[in-house]
Amino acid sequence: MAEKSDVPQGTLALMVLKTLDLLGPLHGFGIARRIEQISGDALAVNQGTLYPLLLKLEHEGAIASDWGTSENNRRARFYRLTRAGRKQLQTETGDWERTAAIVARFFAARTEDWS
Amino acid sequence: MSWWERVFRRRTLNDELSEELNGHIEEKIEQLMRLENLSHAEARQAVLRAFGNPGLIATRSREVWQWPRLESFLADLRLALRRLRKSPGFALIVLLTLAIGIGANTAVFSVVNSVLLKPLPYPESDRLVSLWLQAPGAGIADFSEGLLMSPSMDLAFSEHNRSFQSMGIWSQRIANVTGLAQPEQVQSILVSDGVLQTLQISPLLGRWFSQQDQDPRGAKTIILSYGYWQRRFAGDRTVIGRSIQVDSQAREIVGVMPRGLRVVDHDFDVFIPLAPDRTNLDGPPFGFYGIGRLKPGVTIAQADADISNLLPLWMSLWPQGHYFAIWRITPTFRPLKKQVIGQVGSVLWVVMATVGLVMLLASMNVANLLLVRADSRHQELSIRASLGAGRARIARELLTESLLLGLLGGAFSIVVSYGGLRLLKSLGPAELPRLSEVALDYRSLLFTLLLSVFSALLFGSLPAIKHAYARASDALSRSTRTMSSSRTRNRSRNVLVVAQVAMALVLLISSALMIRTFLALRAVNPGFSDPAHVQTLRTAIPTSMVPDATMVTHIENDLTDRIAAIPDVAAVGFAAAMPLDGIDADWNQFQVEGKTYDVTRPQMYLFDYVSPGYFSALGIRLVAGRDFNWTDNYGLRHKVIVSESFARETWGSAANAIGKHAHESNRNPWDEVIGVVADVHQHGVDEKAPAIIYWPVLMYIPYIEKPTLGAERGVTFVIRTRRAGTETFLSQVRQAVNAINPNLPIAGVRTMQEVYSQSLARQSFTLVMLGIAGSMALALGIIGIYGVIAYAIVQRTREIGIRMALGAPRSGVKWMFVRSALTLAGAGIAIGLLAAAGLVQLMKTILFGIRPLDPVTFTAVPVILVAAAAFASYLPAARAAAVNPVDALKTE
């Protein structure tokens, strides 16, 4: 198995929200699996971080949960994006893109730009 | 999730969380089985390994809806409470120790706080000063505190100074109030203009005294204290303007002072204007306490310099005033608070240090108990540590338990300190100033809280640190049955015992010094004998009641005869001042015939005026010659009696003194010495017996040029009887007084024994406090040593068994443990001796007849402690030696 990197600090919340936005209600295991799949198995989601994060997001009102049945007929808690969560996703996406653009500019910078 | 869900649906939430996590694991297992073709067991193992600790994840997740710090603290608290409930004996001992220890400290702190730390109860009291002067040229070596003020000084200083906002003088006097039911002696205070202004306490009703009230020829006025107003007038607000008879003089009530007003820590019933006569001024009498309020920003040194400059002006107020230049009078003003507190400060600090030390000792015993308790949990704690509990987490749990104990003990201690203060107030030691202000206020409660927390940290930190830093592997292997305990295990307890012995030594040395002081004081012959059988009481005949001096003496003579006729009265007499009552009748020069005196260095002697029979009533030995008789008094024969030390110093022996002549000054005729009496410690047994010159009670007043008769109007009667202090005897005395004049009041009814005990109150109070603390310290120290040795023996039972199986003699085993106790005690004693040598310097002012570094005390006390340590360790050691080696090796 190839070495997987951990999810970068602070970005897991964004990934969870985006995953739920794209795929609709999912349970915890499903979210973890999707994130790993979307990243092309380059990321490993640490359960020790995921569940506290899910509870925190739910506590903040960005997501809500209902008990349902999983594909394997197991009782599971399904998380879905709330209206507030969608808004949060939009702002955070914007923030992230701006940050990424700034960082990209730094990488593109050359010495002559400073003279 | 709402807050009530978080609180009340906690169980459901927890269940759901673990179900969710389990579900996750199951899904993952199935995924692995599917993708990697593993068996269920293999997949499960892989998943669990990757997943980490599900318990930890659950905990972290739960924290989202908890207040994590508070929750874990509450959990610790619940655990600690449960553990305490399970060992009520331990809890009781610890809580009782703490309640008494903290309570005693809070009580003493409340006293220190109210007496020493709080400002005096007057507005801006830090600007109040007590006006004392020094007169090194006056030859009065016994003026230990300095020279008091005189009315002429007050007039000169208050009108011309630049440093004081206001100043005044006052003195106390017993006044007779008649015309209101029973004649009554009341405590009156004579105040000059400026005293009330200086204190800045406004009257409750009416007004302060004005300039007019201070005119000796003006209207006579009086101000009542709150207490007297309530007592005599039931708080009637119409008293203003009414008149009462004070010393047979009608005085109009112009004001009532508010409740709780004390003047320099004295309670008074009535305030009377001093009304000095400006037309007839003189330097003396120097018998008035001066107080002043400094202008803002003026220092005491500046005030001293200011008044120094006014002394020439004062001396020019009357003819021959410049005589006083040779007295070299200099102001040495001091803060009023210092005056009020007096010498009690050193006693209180010693007591505070003492109870503080006892508290430390008690904390150490509690620490010891906690260490044993934590040791019994050693294995549990080690397992928890090896399972990942952090040091801080374990330390916090142990500290929570200590904190709980400390706070509970502190809560109970409030009852103890409250009770202690109530007791102190009901005992009302006369030596303690500002007692009425002592209370358990918010500062005391804050002190209790701080002390509780501090002592909890103190006794809790040792077990906490020890167990938090214990290495898990170490602990687990150590408690197996094949090993004996190691040295390090007992180190912290050993340190505690050394510290305890050191502190016990300090306390025991202090109390031993105090016992020696007390014995030395008791051994001093006060000059009078058998004080338990001497009744004393005061009475006064004011000029307004009986103007004629000879008449006054006749009345007093009649009273003496009537009292002498009461059954069982062996002797009776009276004097202007009796020993130990804090009054000095007079001070003056006394010049012996045939000696030349340096006028620039006058020598002053203590005078007293005594009736015939006074010496035999008090049991003061007549060394040579004879006592006064009434003929000496009425015949105005110039006779005088001197004390033994004066006779020896002047004429070589007591017998030589008889028939010799002396007088106050050149303008007085010679007086003949007719008797010499034993020296009396007039000012207390801890002070040198002064030379005293005794005069008859009726004589020409020596200071006045024109021959004027003077009688002693305020006198103390001393009655020698085996019925002293009994009610029946006192009522017979009252009848005798009533038969002479029903308007004569009686006050100060005490036996001489009470007077004597009271004069030793400061020393006996310190002795009792140190004695209690010392014995508690000794007991705690013995318990500490016993505990350490007994515990070590329990831990080393197997080792003892092996030693004895290999042939160690029983005495050798016993000695091994006693030796270790003696080593600890020795270390403690060495440290304690050093500490004591420093700390006893604090007691210097209380000690008498003994040096702080008394070699006997510093040898005897360590010997006692060594014996105590040997005893405390011998008991468990003997038990250890009685162990049967077979049993010892079999058990565990």
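Data block above holds the structure.
Residues numbered from 1 in each chain as written. Chains lettered and ligands numbered in written order. Predicted model: local features only at pLDDT ≥ 70, side-chain atom pairs only at ≥ 80, totals over all residues. Heavy atoms only, no water.

(A) Broad picture of the nonpolar core. All names here are of chain B. Counting 165 residues, the largest nonpolar core has Phe157 and Trp314 as the members making the most contacts within it. Ranked by the residues each element gives to this core, the list is headed by helix α12 (residues 344-376), at 17 residues. Excluding anything up to four places from it in sequence, phenylalanine 157 contacts Met149, Met167, Ile307, Leu310, Leu311 and Trp314. (Core = buried A, V, L, I, M, F, W, Y, C linked by side-chain atoms within 4.5 Å. Buried < 20%, exposed > 50% of the residue type's maximum accessible area, 1.4 Å probe, protein only. Helix = DSSP H or I, 4+ residues; strand = E, 2+ residues; numbered from the N terminus. Contact = heavy atoms within 4.5 Å.)

(B) Representation of the packing of helix α6 (residues 88-117) of chain B against helix α15 (residues 442-468) of chain B within the structure. Residue and element names in this part refer to chain B. Interhelical geometry of α6 versus α15 gives an angle of 140 degrees and a closest axis separation of 9 Å. As summarised for this structure, α6 and α15 are arranged oblique, according to the angle between their axes. Regarding α6 and α15, the two cross each other, and that crossing is right-handed. On α15, the residues that touch Leu98, Ile102, Asn105, Thr106, Phe109, Ser110 and Asn113 of α6 are Arg443, Ser444, Phe447, Thr448, Leu451, Ser452, Ser455 and Phe459. Considered class by class, the residues forming the contact of α6 with α15 number 6 nonpolar, 8 polar and 1 charged. (Axes fitted to C-alpha atoms, helices over the stretch in contact; angles between N-to-C directions. Parallel < 35°, antiparallel > 145°, perpendicular 65-115°, else oblique. Left-handed = near helix turned anticlockwise from the far one by under 90°. Nonpolar A, V, L, I, M, F, W, Y, C, P; charged D, E, K, R; others polar.)

(C) Molecular detail of the sheet that holds strand β26 (residues 747-751) of chain B. Residue and element names in this part refer to chain B. Strands sit in the order β14-β25-β13-β26 across an open sheet of 4 strands; the sheet is antiparallel. Every other strand in the sheet has two partners, leaving β14 (569-575) and β26 as the edge strands with one partner each. Between one strand axis and the next, the sheet turns through 15 degrees on average, direction left out of account. Strand direction decides the pairing type here: β14 and strand β25 (residues 714-721), joined by 6 bridges, are antiparallel. Across the sheet, residue valine 572 finds its bridge partner in β25, namely isoleucine 719. Packed on one face of the sheet, helix α18 (residues 549-564) meets β14 and β25 and runs near 160 degrees to β14. Along the sheet face, helix α24 (residues 752-759) touches β13 (534-540) and β26 and points at about 90 degrees away from the line of β26. (Pairing = 2+ DSSP bridges.)

(D) Quick look at the packing of helix α1 (residues 12-23) of chain A against helix α4 (residues 83-108) of chain A. All names here are of chain A. Remark: α1 packs on α4, axes separated minimally by 10 Å, with the N-to-C direction vectors making an angle of 125 degrees. For the element pair α1 / α4, the angle class is oblique. Handedness of the α1/α4 crossing: left-handed. Each of Leu14, Leu17, Lys18 and Asp21 in α1 lies in contact with α4, whose residues at this interface are Gly85, Arg86, Gln88, Leu89, Glu92, Thr93 and Trp96. By residue class, the composition of the contact of α1 with α4 is 4 nonpolar, 3 polar and 4 charged.

(E) Inspection of the interface of chain B and chain A at higher detail. Taken together, the contact between chain B and chain A spans 23 residues of the former and 22 residues of the latter. Summed over both sides, the interface of chain B with chain A buries roughly 2,100 Å², with 54% coming from carbon and sulfur. Where chain B meets chain A, there are 4 salt bridges. For Glu20(B), the salt bridge is made with Arg77(A), and the minimal N-O distance between the two is 3.1 Å. Looking at the side of chain B that touches chain A, the elements that each hand over two or more residues are α2 (10-36), α3 (40-51) and α4 (54-62) of chain B. (Buried area = accessible area lost by both parts, 1.4 Å probe. Salt bridge = Lys/Arg side-chain N within 4 Å of Asp/Glu carboxyl O.)

(F) Focus on a positive patch on the surface. Residue and element names in this part refer to chain B. The grouping of Arg78, Arg82, Arg85 and Lys86 at the surface amounts to a positive patch. Considering the arrangement of structural elements, one finds arginine 85 in helix α5 (residues 68-86). The class of arginine 85 is exposed, set by a relative accessible area of 63%. (Patch = residues over 30% accessible without salt bridge, like charges linked within 9 Å, V, L, I, M, F, W, Y side chains within 5 Å. Areas by Shrake-Rupley, 256 points an atom, 1.4 Å probe, with all protein chains shown as cover. Lys, Arg positive; Asp, Glu negative; His and termini not counted. Charge placed at Lys NZ, Arg CZ, Asp CG, Glu CD.)

(G) Structural view of the sheet that holds strand β5 (residues 75-81) of chain A. Residues and elements named next belong to chain A. The antiparallel open sheet is built from 3 strands, whose spatial order is β2-β5-β4. Edge positions in the open sheet fall to β2 (26-27) and β4 (63-69), since each of these has one partner strand only. Contacts between helix α3 (residues 47-60) and the sheet are confined to β4 and β5, with β4 contributing the most and set at about 120 degrees to the helix.

Spatial relationships are all this shows, so hold off on functional conclusions.
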